[in-house]
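One letter stands for each residue in the lines below.
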Amino acid sequence: MKIITWNINGIRTFGGGVKKTLDSLDADVICVQETKVTRDLLDERSAIVDGYNSYFSYSRGRSGYSGVATYCKDSATPCAAEEGLTGLLTGHEGAVGCYGDHTEFSGEELQLLDNEGRAVITQHRVMCEDKVQTVTVINVYCPRADPDKPERKQFKLQFYKLLQCRAEALLKDGSHVIILGDVNTSHRPIDHCDPSDVDQFGENPGRKWLNVFLHQPDEDRNEDEEEEPDEESEGTSTDSVRGGKFVDTFRYFHPTRSSAFTCWSTLTGARQTNYGTRIDYIFADRRLVREQFVAADIMPEVEGSDHCPVWGRLRCPLVPSSKPPPLCTRYLPEFAGRQQKLSRFLVKVEPTGGGEERENLNPLAAGNVSGRKRALASAPVVPKGKKTKTVKTCSKPQGSLLSFFKPKPTTNAVPLLTLRPGSVTKSLRHRTHTKRLQPEKLSRRMEDPKLQRMRVPHRGVPASILHGPPPPPSCKVHGEPCVLRTVKKEGPNMGKQFFVCARPQGHASNPEARCNFFSWVEKGK
């Protein structure tokens, strides 16, 4: 059994074909995070993939935000599946169950925690030593603690607590448990490119939670010789060094490997210098890791997102279910053929083969540009009160659509001649043909001080300020032209521009990385 987790930073990462990408990952269960699709934007090419069955969770409050999906090979079809951690989103048979104790959460909290499409759970049967057992796979995209939104910090911690509650309940019920996904916290200094640059690194609440949630084996004791800890005492104390029911599988196999990161900033080009963090994990219960896991690693060579995939392999083979559970996307009405959308009757869809060649049944969805173009072309809207013209058919080829919107030239037209920065914009009146200016006459007109002070027609902006960005200075260390950036964060500097070194971000000790050059763009330049 091989499993993979990957934050794909948008379903567009599968632009080359969903099946092609999934096949290239070569795993039985593929869990992806940050799909950024909602139910109404999910198209058939992403939902129905030949050879796989898929399970999605969507954000219910924001479009283009969050979202997770689990793709299982048909040979790894789960016996149960459900969306969310609380059970509130489960209204069908075939759910996983075992929700744990929610007395510490209010009803409103539980609803909000499951409202952003951050978890999908699938339960599989595996053959372990001639005995069929269950493995529950929890695919999660944990929240980020936005420093500008203090309430999100508490939201993140509550999500962690709910995740632990559900995972431990499943474990107590007799199932093995694997938790994988983007946890949005680097655990130890070795998992961060520059931990000394982080204030009070070890005091981060997310890291404190990981210390309790994960089992930390003693360095001087063989893991194989350890006894199973008492259920009552395990993981209940924040002071416990070895407490926790789950293991970080990557660190289990690579306890001292450094610079093993899974996430990098695309804005600063940090992947080029491997200046990142390890925040994507595969956690599994201790017994499963000890008895069945044979390997786990990261895949930094796989690009397409600001994260890279993480994989794990178990020796136990999967026992597929005879049919997918009800949460499977193939049962959704828009894909199962039980209900047709209005767009089906407005847009002609040619029947094609299965898999990647299927046409999207929702061509008017916001994520399908080609569908919108077909709809606009086939059903033009006539403004109220306007008469339609009868267009005669012609054997000549039709022109570009844009040609129908261009105004026809008239004898009294006043075209605008726009010159480059430092010049003047002037309107020339003509009758049938615009008289071209000789180069020397045009040059004299451009240098005329009276014309230089003229204002641009309609907008009223002095021509003297219509210029491009200021020339970039060179950074002091490398002597290379800098890049221009704009402050987008809300605050007193929002909208201001500045120059920084053009090289990718990296550690201060790396001479190939960005230097600390910084310069504000002065006003009026």
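Starting from 1, residues in each chain are numbered consecutively following that chain's sequence as written. Selection of residues for local features in this predicted model requires a pLDDT of at least 70, selection of side-chain atom pairs for listing and counting requires 80 or more, and totals for whole chains, interfaces and linings are taken over all residues. Values shown for side chains rest on all heavy atoms present in the structure; no hydrogens or waters enter the calculation.

In plain terms, the rule: UniProt positions are given in the numbering used here, feature names are shortened, and annotations may be inferred rather than shown by experiment.
Under the annotation held in an unreviewed UniProt entry, the protein carries the name DNA-(apurinic or apyrimidinic site) endonuclease and is attributed to Scophthalmus maximus. The UniProt entry for the protein carries the following comment under Function (unreviewed entry): "Initiates repair of AP sites in DNA by catalyzing hydrolytic incision of the phosphodiester backbone immediately adjacent to the damage, generating a single-strand break with 5'-deoxyribose phosphate and 3'-hydroxyl ends."

### Comments concerning the overall build of the protein
Using the following cut-off: Note on conventions: DSSP H or I runs of at least 4 residues are helices, E runs of at least 2 residues are strands, and numbering of each starts at the N terminus. Buried means the residue's accessible area, taken with a 1.4 Å probe over protein chains only, is under 20% of the maximum for its type, while exposed means over 50%, and partly exposed covers the values in between. Note on contacts: a residue pair is in contact if any heavy atoms of the two residues lie within 4.5 Å. Accessible surface area values rest on a Shrake-Rupley calculation with a 1.4 Å probe, where residue burial reflects the displayed protein chains alone.
Helix and strand counts for the protein stand at twelve helices and 20 strands. Relative to its 525 residues, the protein shows a buried fraction of 45%. Taking the intrachain contacts of the protein between residues at least 6 apart in sequence as the baseline, contacts between residues at least 24 apart amount to 65%. Of the roughly 30300 Å² of accessible surface on the protein, 51% is carried by carbon and sulfur atoms.

### Focus: the UniProt feature "site: Transition state stabilizer" (unreviewed entry) in the protein
Which entries qualify depends on this criterion: Polar contacts here mean pairs of N or O atoms no more than 3.5 Å apart (in protein, one a potential hydrogen donor and the other a potential acceptor; neighbouring residues in sequence count only if both atoms are side-chain atoms).
As recorded in UniProt, the sites labelled "site: Transition state stabilizer" (unreviewed entry) are Asn184. Structurally, Asn184 can be placed in the loop between strand 8 (176-182) and helix 5 (205-213). According to the relative accessible area criterion, Asn184 is buried, its value standing at 19%. Setting aside its immediate chain neighbours within four residues, Asn184 contacts Tyr141, Cys142, Pro143, Arg144, Lys156, Tyr160 and Ile279. Here Cys142 takes part through its backbone oxygen, which lies 2.9 Å from a polar atom of the side chain of Asn184.

### Things to note about helix 5
Within the span of helix 5, buried status applies to Gly206, Arg207, Trp209, Leu210, Val212 and Phe213. For helix 5, the secondary structure elements touched by its buried residues are helix 4 (150-172), strand 8, strand 9 (246-248) and strand 12 (280-285). For helix 5, the N-terminal cap is Asn204; the gap from its side-chain oxygen to the backbone nitrogen of Gly206 is 2.7 Å.

### Here we look at the sheet that holds strand 1 (residues 2-7)
Put simply, the rule reads: Two strands are said to pair when DSSP picks up at least two bridges between them. Axis angles are defined between N-to-C directions and span 0 to 180 degrees, where every axis is a line fitted to C-alpha atoms and, for a helix, only to the segment in contact.
Ordered by their spatial adjacency, six strands build an open sheet running 3-4-2-1-14-13, and the pairing between neighbours is mixed. Edge strands, defined here as strands with exactly one partner in the open sheet, are strand 3 (52-57) and strand 13 (293-298). On average, adjacent strands in this sheet sit at an angle of 15° to one another, irrespective of strand direction. Pairing between strand 1 and strand 14 (residues 310-314): four bridges, direction antiparallel. Across the sheet, residue Lys2 finds its bridge partner in strand 14, namely Arg313. Sitting on the sheet, helix 1 (residues 18-25) is in contact with strand 1, strand 2 (29-33), strand 3 and strand 4 (68-73), with an inclination near 125° to strand 1.

### Some points on the packing of aromatic side chains
Heads up, the rule is: For Phe, Tyr and Trp, rings pair up if their centres lie within 6.5 Å, where Trp contributes its six-membered ring, and each pair is then called stacked (planes under 30 degrees apart), edge-to-face (over 60) or tilted (otherwise). Consider the ring centre and the ring normal. A charge sits over the ring if Lys NZ or Arg CZ is within 6 Å of that centre and within 35 degrees of that normal.
One pass over the full model with this rule turns up twelve aromatic pairs. Between Phe213 and Phe246, the aromatic rings sit 4.9 Å apart at their centres with planes inclined by 20°, giving stacked as the arrangement. With Phe213 in helix 5 and Phe246 in strand 9, this residue pair connects regions lying 33 residues apart in the sequence. For the residue pair Phe213 and Phe246, the accessibility class agrees, reading buried in each case. For the cation-ring pair, Arg118 lies above Tyr141, with the distance from its terminal atom to the ring centre recorded as 4.8 Å. Across from the ring centre of Trp520, 4.3 Å away, lies the NZ or CZ of Lys496, which sits over that ring.

### Observations regarding the pairing of strand 4
Of all six residues that make up strand 4, five are buried, and the element is covered over most of its length. As paired elements, strand 2 and strand 4 share five bridges and run antiparallel to each other. Looking at strand 4, one finds that Val29 is bridged to Cys72. Bridge count for strand 3 against strand 4 is six bridges, and the pairing is antiparallel. Looking at the pairing, Tyr55 lines up with Thr70 of strand 4.

### A short note on the layout of surface pockets
Our working definition: Cavities and pockets were defined on a 1 Å grid built over protein atoms only: a cavity is a set of grid points that admits a 1.4 Å probe from which the probe cannot escape, a pocket is an open set flanked by protein on both sides within 12 Å along at least five of seven lines, and lining residues are those with an atom within 4 Å of any such point. Grid points are joined across faces, edges and corners, and a volume is the space filled by probe spheres set on the points. Each residue is assigned to one class: nonpolar for Ala, Val, Leu, Ile, Met, Phe, Trp, Tyr, Cys and Pro, charged for Asp, Glu, Lys and Arg, and polar for all the others, Gly among them.
Considered as a void within the structure, the largest pocket measures approximately 1600 Å³ in volume. In this structure, the largest pocket is lined by 42 residues; those nearest its centre are Arg144, Ala145, Pro147, Asn184 and Ile279. Sorting the residues of the lining of the largest pocket by element identifies helix 4, helix 5, strand 10 (263-264) and strand 11 (276-277) as the ones contributing at least two each. With five residues, helix 4 is the largest single contributor of residues to the lining of the largest pocket. Looking at the lining of the largest pocket, its residues break down into 13 nonpolar, 14 polar and 15 charged.

### Topic: the packing of helix 4 against helix 5
This is how the line gets drawn: These descriptions rest on fixed angle ranges, namely under 35 degrees for roughly parallel, over 145 for roughly antiparallel, 65 to 115 for roughly perpendicular, and the rest for oblique.
Contact geometry for helix 4 and helix 5: axes closest at 10 Å, N-to-C directions at 10°. It follows that helix 4 is roughly parallel to helix 5 by the angle criterion. The segment helix 4 lies against helix 5, with Lys153, Leu157, Tyr160, Lys161, Leu163 and Gln164 engaging Pro205, Gly206, Trp209 and Phe213. Here the contact of helix 4 with helix 5 is built from residues that sort into six nonpolar, two polar and two charged.

### As for unusual backbone geometry
A positive phi angle, near 60°, is found at Lys36, a position not held by glycine. Within the secondary structure, Lys36 is located in the loop between strand 2 and helix 2 (44-47). Note on Lys36: relative accessible area 27%, which makes it partly exposed. Here the phi dihedral of Asn184 falls at roughly 65°; this positive angle occurs in a residue that is not glycine.

### What about the pattern of salt bridges?
Inclusion rule: For this document, the term salt bridge refers to a Lys or Arg side-chain nitrogen within 4 Å of an Asp or Glu carboxyl oxygen.
Summed over the entire model, instances satisfying the criterion amount to 19 salt bridges. Between Arg39 and Glu334 there is a salt bridge, with the nearest N and O atoms lying 2.9 Å from each other. With Arg39 in the loop between strand 2 and helix 2 and Glu334 in helix 8 (residues 333-336), this residue pair connects regions lying 295 residues apart in the sequence. The exposure class of Arg39 is partly exposed, given its relative accessible area of 35%. Of the charged contacts in the structure, one is a salt bridge between Glu203 and Lys208, with a shortest N-O distance of 3.2 Å.

### What to know about the UniProt feature "active site" (unreviewed entry) in the protein
Taken from the UniProt record, the annotation "active site" (unreviewed entry) applies to Tyr141, Asp182 and His307. A stretch of 167 residues holds the annotated residues, and the largest C-alpha distance among them is 12.6 Å, short enough that they meet in one place. Checking the annotated residues one by one, the ones that line the largest pocket turn out to be Tyr141, Asp182 and His307. Relative to the elements of secondary structure, Tyr141 occurs in strand 7 (residues 131-141). With a relative accessible area of 11%, Tyr141 lands in the buried category. What Tyr141 contacts, discounting residues up to four positions off in sequence, is Asn7, Gln33, Glu34, Ser66, Val68, Arg118, Phe159, Asp182 and Asn184. A polar atom in the side chain of Tyr141 sits 3.4 Å from the side chain of Glu34. By the secondary structure assignment, Asp182 is in strand 8. Exposure remark for Asp182: the relative accessible area of 2% places this residue in the buried category. At a separation of 2.9 Å, a polar atom in the side chain of Asp182 contacts the side chain of Asn7.

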